[in-house]
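# Structure at a glance
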Amino acid sequence: MAINDVEHCDVVHNHSEIVLKLHKQMPSEDELYDLAELFKVFGDSTRIKILFALFEQEMCVCDIAETLEMTQSAISHQLKILKNSKLVGNRREGKSIIYFLADDHVRTIIDQGLNHIEE
């Protein structure tokens, strides 16, 4: 895409007060990197399906696999990524491992994302 294809100011000028304010409020490079990495996790439709299922109900790997019509191995792989990203947690109940959304922030992200695409 050529630069002429993008809308831009006709005159180059600087709003110093706006730029200064944003420089002070901008998160650190490390925080921005971590945020970008978090959003990458949401970039996989299988992981989104798992999160949506857990949004509705805590589940074991067997039930998630059956719900999504996938193998337990495939689901376990995605759950590991979600757990490493602190988006899901788990607990043992007898011989089963029950997975759940890590906290209400994850629920909010999913809910806000759905609201955004439905507008």
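Our structure's up above, just so we're on the same page.
We now turn to the structure provided with this report. (Residues numbered from 1 in each chain as written. Predicted model: local features only at pLDDT ≥ 70, side-chain atom pairs only at ≥ 80, totals over all residues. Heavy atoms only, no water.)

## Examining the packing of aromatic side chains
Two aromatic rings, taken as a pair, are described by how far apart their centres are and by the angle between their planes. Here is the rule we go by: Stacked, tilted and edge-to-face are the three classes applied to pairs of Phe, Tyr and Trp rings, where Trp contributes its six-membered ring and a pair requires centres within 6.5 Å; stacked means planes under 30 degrees apart, edge-to-face means over 60, and tilted covers the rest. Using a 1.4 Å probe on the protein chains alone, a residue whose accessible area is under 20% of its type maximum counts as buried, one over 50% counts as exposed, and one in between counts as partly exposed. In DSSP terms, a helix is any run of H or I states spanning at least four residues, a strand is any run of E spanning at least two, and both are numbered starting from the N terminus.
For the coordinates displayed, the defined rule picks out 2 aromatic pairs. Geometrically, the ring pair formed by phenylalanine 39 and phenylalanine 42 is tilted, given 6.2 Å between the ring centres and 45° between the ring planes. With a relative accessible area of 48%, phenylalanine 39 lands in the partly exposed category. Its relative accessible area of 14% is what places phenylalanine 42 among the buried residues. Note on phenylalanine 52 and phenylalanine 55: the rings are 6.2 Å apart at their centroids and 10° apart in plane angle, and the pair reads as stacked. Here phenylalanine 55 and phenylalanine 52 lie together in helix H3 (residues 45–56), a separation of 3 residues that amounts to about one turn. Classification of phenylalanine 52 by relative accessible area gives partly exposed; the value is 37%. Since its relative accessible area comes to 16%, phenylalanine 55 is described here as buried.

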